[in-house]
Amino acid sequence: MNGFTAFFKKEWLEAIRNYRVLLLFSVSALFGMMSPLTAKMMPDILANVKVEGMVLKIPNPTFTDAFVQFFNNFSQMGMALLLLVFGGVLSQDLVRGTLIIPLSKGLSRHAVILAKYTAALTLWTSSYALAALIHYGYTLYLFRLVSVKHLFFSLFCLWLFGAFLLAVLLTASVIVRGSYGGLFVTVAGLGILLICQTIFRMERFNPLRLASENMALLSDKAAFDPLLTIAWITAGFILAALILAMAIFKKKSI
Amino acid sequence: MIQNYLPFLIPIIVLELILALSALIHLLRHQSFRFGNLFIWIIIVLFLQIIGPILYFTIGRGEDA
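Just so it is clear, the model here is predicted, and its values are computed rather than measured.

Participant: Just checking my understanding: could you explain helix H11 (residues 224-251) of chain A for this structure?
Facilitator: At 3.6 residues per turn, the α-helix brings residues three or four places apart onto the same side. Residues and elements named next belong to chain A. The end-to-end C-alpha separation of H11 is 41 Å, in line with the 40 Å expected for 28 residues at 1.5 Å each. Residues of H11 that are buried: Leu 227, Ile 230, Ala 231, Thr 234, Ile 238, Ala 241, Leu 242, Ala 245, Met 246 and Phe 249. Structurally, H11 contributes buried residues whose contacts are with helix H4 (91-96), helix H6 (109-142), helix H7 (151-175), helix H9 (209-212) and helix H10 (214-218).

Structure (structure tokens):
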């Protein structure tokens with residue numbers, strides 16, 4: 001067993017004992033179940049809060065409405081959860097000094113970064129897949145199936161955005177000290193991306209579109225090709241962030 | 001109207017209960033927090049559905065001694 005697999009196993013064990021696995025899986029499953037149900041119940045809920053003298057005309061919810069709920073939940077609460085759960089992924093180890101012993105015993109520093117990222121990525125992937133599967137099953141049962149374009153790609157975009165967030169978080173945690181430094185830098189970075197998108201209209205290469213245009217993609221309002229370009233760029237960003245993290249971590253005094 | 005959705009609501013309620021109870025058991029057994037006190041966290045965990053247990057496990061929980 002080399003350093004990478006040993007550290008990868010340790011990361012998973014830590015995730016289980018830290019309740020990360022419980023949190024991610026149960027909240028994902030909750031989102032998966034709640035999204036189609038909220039879409040289905042929306043007319044009934046709104047009917048109950050009817051205001052006197054106001055007539056609410058609500059169209060019957062459809063297959064795509066369930067996905068609106070799903071993407072809403074996951075691009076906001078889901079990403080916040082991801083950041084909170086993985087916020088201290090490397091910073092905590094650096095602050096507590098738990099990495100000193102394994103590193104001095106000959107564990108490669110690259111293996112630490114790679115194993116941490118792979119563990120976080122597998123955890124995120126499996127919980128997202130669980131949510132998507134549950135959501136798809138419920139939606140198929142509750143709604144009439146409508147053929148929508150680029151369904152898988154749209155789901156993939158949100159997943160890729162999560163992977164991007166994790167890579168940025170890891171790199172930020174390498175650069176900034178303090179137990180929540182990486183988290184703050186990542187949130188600040190997200191804020192900058194948001195400002196770029198909304199105020200300066202820098203949209204062509206903005207990874208944020210991966211998490212904001214999923215519905216537009218499904219309803220064919222957004223073009224497929226530009227998003228594919230952004231997906232490739234984001235993959236490049238992830239790779240660059242990891243290489244940067246490894247390079248800085250190699251030189252960092254712990 | 002609620003009866004129609006009951007089979008779908010039960011798993012959601014069960015999952016929320018599992019989250020809230022695991023957080024409650026954990027905080028009663030450890031009773032150490034980064035900030036706030038026992039009473040505040042019990043309220044948060046039990047009455048803020050989904051978000052409460054997330055907050056407790058990610059930022060509220062103290063170090064395991």
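Participant: So what exactly am I meant to see when it comes to the pattern of salt bridges here?
Facilitator: A side chain of one charge can pair with a side chain of the opposite charge if their charged atoms are brought near each other. By the definition in use, this model includes six salt bridges over all chains. Here Lys10(A) makes a salt bridge to Glu11(A), at a shortest N to O gap of 3.1 Å.

Participant: In this structure, what is going on with the UniProt feature "transmembrane region" (unreviewed entry) in chain A? I would like to understand it.
Facilitator: All names here are of chain A. Under the UniProt annotation, "transmembrane region" (unreviewed entry) lies at residues 21-39, 70-90, 111-138, 150-176, 183-200 and 227-249. Annotated as residues 111-138, this span is 100% helix and 0% strand, and its ends, taken at the C-alpha atoms, are 40 Å apart. Within residues 183-200, the helical portion is 89% and the strand portion 0%, while the C-alpha atoms at the span's ends are 25 Å from each other.

Participant: Looking at this structure, how should I read the interface of chain A and chain B?
Facilitator: Quite often, the size of an interface is put as the accessible area lost when its parts meet. With 25 residues of chain A at the contact, the number on the chain B side is 22 residues. Of the roughly 2200 Å² buried where chain A meets chain B, counting both sides, 80% is carbon and sulfur surface. Of all residues in chain A, Tyr19(A), Leu30(A) and Leu84(A) give up the largest surface area on contact with chain B, accounting jointly for 22% of the area buried on that side. Seen at the junction of chain A and chain B, the total is zero salt bridges. Secondary-structure elements contributing two or more residues to the side of chain A that touches chain B are helix H2 (20-48), helix H3 (63-86), H4 and H6 of chain A. Broken down by element, the side of chain A that touches chain B gets its largest block of residues, 13 residues, from H2(A). Split into classes, the residues belonging to the side of chain A that touches chain B amount to 18 nonpolar, four polar and three charged.

Participant: It is not clear to me how the packing of aromatic side chains should be interpreted in this structure. Could you clarify?
Facilitator: Centre-to-centre distance and the angle between the planes together describe a pair of aromatic rings. Counted by the stated rule, this structure contains 22 aromatic pairs over all chains. For the pair Tyr19(A) and Phe57(B), a centre-to-centre distance of 4.4 Å together with 15 degrees between the ring planes defines the contact as stacked. Here the residue Tyr19(A) occupies a position in the loop between helix H1 (3-17) and H2, and Phe57(B) occupies one in helix H3 (residues 51-60), the pair thus bridging two chains. Chaining the aromatic ring pairs together yields one cluster made of Phe31(A), Phe63(A), Phe67(A), Phe70(A), Phe71(A), Phe74(A), Trp124(A) and Tyr128(A). Seen from the ring of Phe143(A), Lys40(A) lies directly overhead, with NZ or CZ sitting 5.1 Å from the centre. Looking at Arg109(A), its charged tip hangs above the ring of Phe249(A), at a distance of 5.7 Å from the centre.

Participant: What exactly am I supposed to notice about the UniProt feature "domain: Cardiolipin synthase N-terminal" (unreviewed entry) in chain B here?
Facilitator: UniProt's entry tags residues 18-61 of chain B with the feature "domain: Cardiolipin synthase N-terminal" (unreviewed entry), counted in the numbering of this structure. With 75% helix and 0% strand, residues 18-61 of chain B has end C-alpha atoms that lie 17 Å from one another.

Participant: Is there a simple way to think about the environment of Tyr136(A) in this case?
Facilitator: Residues and elements named next belong to chain A. Relative to the helices and strands, Tyr 136 resides in helix H6. Judged by relative accessible area, which is 32%, Tyr 136 ranks as partly exposed. Spatially, the C-alpha atoms of Tyr 136 and Gly 182 are 34 Å apart, while their sequence positions differ by 46 residues. If we skip the residues at most four places from it in the chain, Tyr 136 touches Phe 63, Phe 67, Leu 145 and Leu 151.

Participant: Mind showing me how you'd approach the packing of H7(A) against helix H8 (residues 181-198) of chain A here?
Facilitator: Angle between the axes and distance between the axes: these two values describe a pair of packed helices. Residue and element names in this part refer to chain A. Taken N-terminus to C-terminus, the directions of H7 and H8 make an angle of 130 degrees; their axes are 8 Å apart at the nearest point. The orientation of H7 relative to H8 falls into the category oblique. In the packing of H7 onto H8, the handedness of the crossing is right-handed. Residue-level contacts link Phe 161, Phe 164, Leu 165, Val 168, Leu 169, Ala 172 and Ser 173 of H7 to Gly 182, Leu 183, Val 185, Thr 186, Leu 190 and Leu 193 of H8. For the contact of H7 with H8, the per-class residue count stands at ten nonpolar, three polar and no charged.

Calculation criteria
- Residues numbered from 1 in each chain as written.
- Chains lettered and ligands numbered in written order.
- Predicted model: local features only at pLDDT ≥ 70, side-chain atom pairs only at ≥ 80, totals over all residues.
- Heavy atoms only, no water.
- Helix = DSSP H or I, 4+ residues; strand = E, 2+ residues; numbered from the N terminus.
- Expected span 1.5 Å × (residues − 1).
- Buried < 20%, exposed > 50% of the residue type's maximum accessible area, 1.4 Å probe, protein only.
- Contact = heavy atoms within 4.5 Å.
- Salt bridge = Lys/Arg side-chain N within 4 Å of Asp/Glu carboxyl O.
- UniProt positions renumbered as here; feature names shortened; annotations may be inferred.
- Buried area = accessible area lost by both parts, 1.4 Å probe.
- Nonpolar A, V, L, I, M, F, W, Y, C, P; charged D, E, K, R; others polar.
- Phe/Tyr/Trp six-rings, centres within 6.5 Å; stacked < 30°, edge-to-face > 60°.
- Lys NZ or Arg CZ within 6 Å of the ring centre and 35° of its normal.
- Axes fitted to C-alpha atoms, helices over the stretch in contact; angles between N-to-C directions.
- Parallel < 35°, antiparallel > 145°, perpendicular 65-115°, else oblique.
- Left-handed = near helix turned anticlockwise from the far one by under 90°.

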